[in-house]
Amino acid sequence: MKEINITELKNALEDSFQLVDIRDEGSVIYGMIPGAMHMAFSKFENDIEDCVDKLQKDKRIIVYCQRGEKSKDIASQLEDLGFDSYSLVGGYNAFLMDSIQTDDLEESRQKAEESIRKKFHKSLFSPFAKACKKYELIQEGDHIAVCISGGKDSMLMAKLFQEIQRHRKVSFDLTFLVMDPGYNAENRKLIESNAKRLGIPVTIFESTIFDAVDMIEKNPCYLCARMRRGYLYSKAKELGCNKIALGHHYDDVIETILMGMLHSGQIQTMMPKLHSTNFEGMELIRPLYLVREEDICKWRDYNNLHFLQCACHFTETCSTCHEDGTTSSKRLETKKLIAKLKENNPFIEGNIFKSVENVNLDTVIEYKAKGVRYNFLDTYNNK
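In this text the structure is predicted, and so the values were computed from the model without any measurement.

Procedures and definitions
Every chain is numbered on its own, with residues counted from 1 as its sequence reads. A pLDDT threshold of at least 70 governs which residues receive local features in this predicted model, and a stricter bar of 80 or more applies before side-chain atom pairs are shown or counted, although totals over entire chains, interfaces and linings include all residues. Neither water nor hydrogens contribute to the side-chain values; these are computed over all heavy atoms in the structure. A run of H or I in DSSP counts as a helix once it spans at least four residues, and a run of E counts as a strand once it spans at least two, with each numbered from the N terminus. Atoms counted for the radius of gyration: C-alpha only. Globule rule: 2.2 Å times the number of residues to the power 0.38. Whether two residues are in contact is decided by their heavy atoms: any pair within 4.5 Å suffices. Per-residue and other accessible areas were derived by the Shrake-Rupley procedure at a 1.4 Å probe size, with only the shown protein chains allowed to occlude residues. Neither His nor the chain termini are counted; the positive set is Lys and Arg, and the negative set is Asp and Glu. By convention, the charge on Lys lies at NZ, on Arg at CZ, on Asp at CG and on Glu at CD. Any two rings among Phe, Tyr and Trp, with Trp reduced to its six-membered ring, count as a pair given centres within 6.5 Å; such a pair is stacked if its planes are under 30 degrees apart, edge-to-face if over 60, and tilted if neither. The cut-offs for exposure are 20% and 50% of the maximum accessible area for each residue type, with area from a 1.4 Å probe on protein chains only; residues under the lower value are buried, those over the upper are exposed, and the others partly exposed. Only when the NZ of Lys or the CZ of Arg is both within 6 Å of the ring centre and within 35 degrees of the ring normal is a charge said to sit over the ring. Strands pair, by our definition, only if DSSP identifies at least two bridges between them. Throughout, an axis means a line fitted to C-alpha atoms (over the contacting stretch in the case of helices), and angles, computed between N-to-C directions, take values from 0 to 180 degrees. Per residue, pLDDT captures the predictor's confidence, and it can take any value from 0 to 100. Multiplying one less than the number of residues by 1.5 Å gives the expected span of a helix. To form a nonpolar core, buried Ala, Val, Leu, Ile, Met, Phe, Trp, Tyr and Cys residues must be joined to one another through side-chain atoms within 4.5 Å. Here a patch means residues that are over 30% exposed by relative accessible area and free of salt bridges, tied together within 9 Å if like-charged and within 5 Å if nonpolar (Val, Leu, Ile, Met, Phe, Trp, Tyr). Salt bridge, as applied in this entry: a Lys or Arg side-chain nitrogen positioned within 4 Å of an Asp or Glu carboxyl oxygen.

Here the focus is the overall build of the chain. In terms of regular secondary structure, the chain is built from 16 helices and 13 strands. Relative to a compact globule of 383 residues, whose C-alpha radius of gyration would be 21 Å, the chain shows 23 Å and is just as compact. Dimensions of the chain, computed from the C-alpha atoms along their principal axes, are close to 80 × 50 × 45 Å. Taking the contacts inside the chain whose residues are at least 6 apart along the sequence as the reference set, 74% of them involve residues at least 24 apart. Accessible surface, the chain as shown: approximately 19,800 Å² in total, 49% of it carbon and sulfur. For the chain, the distance from the average position of its 52 positive side-chain charges to the average position of its 58 negative side-chain charges is 6 Å.

What follows is about the packing of aromatic side chains. Inspection of the entire model under this criterion finds 10 aromatic pairs. For the pair tyrosine 250 and phenylalanine 353, a centre-to-centre distance of 4.8 Å together with 15° between the ring planes defines the contact as stacked. Residue tyrosine 250 is found in helix α13 (residues 250-264), and its partner phenylalanine 353 is found in helix α16 (residues 348-355); the two are separated by 103 residues along the sequence. Each member of the pair, tyrosine 250 as well as phenylalanine 353, is classed as buried. Linked through ring pairs, Tyr135, Tyr250, Tyr289 and Phe353 together constitute an aromatic cluster. Just above the ring of tyrosine 86 sits the side chain of arginine 60; from NZ or CZ to the centre is 5.6 Å.

The strand order β1-β5-β4-β2-β3 describes an open sheet built from five strands, whose pairing is parallel. Each end of this open sheet is capped by a strand with a single partner; those strands are β1 (2-4) and β3 (37-38). Strand direction decides the pairing type here: β1 and strand β5 (residues 85-88), joined by three bridges, are parallel. Considered in β5, the bridge of lysine 2 is made with tyrosine 86. Lying over the sheet, helix α5 (residues 70-80) contacts β1, β4 (60-64) and β5, oriented at roughly 175° with respect to β5.

What follows is about the confidence of the model for the chain. Mean pLDDT over the chain: 90, with 92% of residues reaching 70 or higher. For residues 315-325, every residue scores under 50 in pLDDT, and the model assigns this stretch 42 contacts once sequence neighbours within four places are set aside.

Take helix α10 (residues 185-198) next. Helix length check: α10, at 14 residues, gives a terminal C-alpha distance of 20 Å against a target of 20 Å (1.5 Å per residue), a fit within 8%. Every buried residue of α10 is listed here: Asn187, Leu190, Ile191, Ser193, Asn194, Ala195, Arg197 and Leu198. Contact partners of the buried residues in α10: α6 (91-98), α7 (105-117), α9 (152-166), β7 (173-180), β8 (202-206) and α14 (293-302). Positive phi shows up at glycine 199, right after α10, with a value of about 75°.

For the rest of this paragraph, the subject is the side chain of serine 115. Examined against the element boundaries, serine 115 turns out to sit in helix α7. Assessed through its relative accessible area of 3%, serine 115 is described here as buried. Leaving out residues up to four positions away in the same chain, serine 115 has contacts with Phe120, His121, Trp299, Tyr302 and Asn303.

A separate point is the nonpolar core. With 85 residues, the main nonpolar core has Ile144, Phe161 and Trp299 as its most contacted residues. Sorting elements by how many residues they give to this core places α9 first, with seven residues. Val20, Leu55, Ile74 and Phe83 belong to the second largest nonpolar core, which has 13 residues in total.

Once that is clear, we can look at a nonpolar patch on the surface. Together, Met261, Leu262, Ile267, Leu337 and Leu341 make up an exposed nonpolar region whose accessible area comes to about 470 Å². Elements represented by at least two residues in the nonpolar patch include exactly α13 and α15 (328-344). Summarising the element assignment, methionine 261 is placed in helix α13. Since its relative accessible area comes to 43%, methionine 261 is described here as partly exposed.

What follows deals with the sheet that holds strand β9 (residues 243-245). Read from one edge of the open sheet, six strands run β8-β7-β6-β9-β11-β10, paired in mixed fashion. Either end of the sheet is taken by a strand with one partner, and the two such strands are β8 and β10 (273-275). Taking the axes of each pair of neighbouring strands and ignoring which way they run, one obtains an average angle of 25° across the sheet. By the bridge criterion, three bridges tie β10 to strand β11 (residues 283-285) in an arrangement that is antiparallel. Paired with lysine 273 across the two strands is isoleucine 285, which belongs to β11. Contacts between α10 and the sheet are confined to β7 and β8, with β8 contributing the most and set at about 165° to the helix.

Written out as structure tokens, the structure reads:
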């Protein structure tokens, strides 16, 4: 089995190789190496003949996964089938590290901000500002901890906060808070580099969450998410903040609604803001509540930005987890279902979102309010 490193890949003639991304669909949403075609590892496992039909035997086949482990197996299989195949050393992570730019940081910052004010004003800033106003997310005198995980959503959220603060309609303070739960040096460097490139003055603090959940077999992602939230609340309060802002967007909201119904047998949503039950005086807000993920990706790609996906130990298998503790496979399944339903009903996404705004309690058999369960029979005979 042959390998190629990122420097050799960059120096190779573009028409001399075919680049294949074998990560799962939940991972490629976060970005791919330019020019790569996507064929998931599971596709090679279940239908390698179809995969082979899409490859060009007159070119070198360069395969990559997240960290450069699974790609070795696929490269070996292709070599046995007569292909001149290679595994990319370090995988997509090697590309991310190489993408850390040392060019004009001021120029990069200006381009990102200009794109928010002009090209993406309608699709990004307008729904951000609308959510802040509609759900009363920002009040006079607030000190908001903008929680940055290192991904596309939270980095954009930070830039949108800077932009809305520039408008000076409400006076509030911002602290851009990054928690390092046990990143390796490369991932930490990528977050710091992107923050500098975008002009985000981050405050970084350490925790040992990754080590704590490393030995947990059942629901490690859920436990990790809960612990992250607690650490962020605690640090934000220590810094004098009264709110923490998380980067969940519109697509997260509708996927959560549908997942609750299909997998948990309940109707609930991801709220635009919540009072903390464990940290008195603290509040959680979600200002990307009305922003579409597709538009976030367009902004990322337009500015040639490459962000961290998920850097926990469970991503060794090229999967990922989310801040609410759900795995990428479950969310991806729901995302695909929504896309399929949209083929016949273009309003399906908006209808899912509105379904939790138009609840008619007169037609609900049972519901809970503040921990108390109510049944329609309780008042059925009342006139």
